[in-house]
Amino acid sequence: MEKFIFMYHSAPPSKPPSSEEMQRIMEEWTKWLAELQESGNLIDKGNPFGDTKRVNAQGIGDGPVMSASEMAIGYTIIQAADMNAAVKIAQDSPTVKNADSGVTVEVRQIMNIYS
């Protein structure tokens, strides 16, 4: 099995979800993560991202590297047979199934160079 990270990207919301919407979203996520756990695909449930700093040879800056029109908002780490299987798992995520979420899931293979 290979490891993959799902990076969730979204435009900043025009308004925060209502408490009812947030409860529904969390129930969908809890169910999806439980299914991944039961199937043996889940490695790390992940979390949303907080504050961001950029660090390079020129110094330290605030904010994300990519444009403010779309930002990384969180991650999940899974294992799957290959990229195609990982993409199929991502397609079942609540953010993809909910077309109104505005969230894109970027699927990246995690290369194991230290074993």
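Worth saying up front: this structure is predicted, and the values here are computed from it rather than measured.

The rules we used
- Residues numbered from 1 in each chain as written.
- Predicted model: local features only at pLDDT ≥ 70, side-chain atom pairs only at ≥ 80, totals over all residues.
- Heavy atoms only, no water.
- Helix = DSSP H or I, 4+ residues; strand = E, 2+ residues; numbered from the N terminus.
- Polar contact = N/O pair within 3.5 Å; in protein donor to acceptor, adjacent residues only side chain to side chain.
- Pairing = 2+ DSSP bridges.
- Axes fitted to C-alpha atoms, helices over the stretch in contact; angles between N-to-C directions.
- Phe/Tyr/Trp six-rings, centres within 6.5 Å; stacked < 30°, edge-to-face > 60°.
- Buried < 20%, exposed > 50% of the residue type's maximum accessible area, 1.4 Å probe, protein only.

1. Brief notes about the environment of A81
Here is step 1 of the chain: Tracing the backbone shows A81 in the loop between β5 (71-80) and α2 (83-91).
Here is step 2 of the chain: Considering only alpha carbons, one finds A81 and E38, 43 residues apart in sequence, at a separation of 16 Å.

2. Section: the side chain of T76
Here is step 1 of the chain: With respect to the helices, strands and loops of the structure, T76 is situated in strand β5.
Here is step 2 of the chain: A polar atom in the side chain of T76 sits 3.2 Å from the backbone oxygen of K45.

3. Quick word on the sheet that holds β5
Here is step 1 of the chain: One open sheet holds the four strands; their spatial order is β2-β5-β1-β6, and the pairing between them is antiparallel. With partners counted over all chains shown, the strands left at the sheet margins are β2 (42-44) and β6 (103-110), one partner each. The sheet shows a mean angle of 30° between the axes of neighbouring strands, taken without regard to direction.
Here is step 2 of the chain: Note: β2 against β5, two bridges, orientation antiparallel. Paired with L42 across the strands is I78, a residue of β5.

4. Digging into the packing of aromatic side chains
Here is step 1 of the chain: Inspection of every chain in the model, using the stated rule, returns four aromatic pairs.
Here is step 2 of the chain: Ring geometry for Y8 against W29: centres 5.3 Å apart, planes inclined by 90°, an arrangement best described as edge-to-face. Taken together, the positions of Y8 in strand β1 (residues 2-10) and W29 in helix α1 (residues 19-39) put the pair 21 residues apart, joining distant regions of the chain. For the residue pair Y8 and W29, the accessibility class agrees, reading buried in each case.
Here is step 3 of the chain: With a centroid separation of 5.2 Å and 85° between ring planes, the pair formed by W29 and W32 is classed as edge-to-face.

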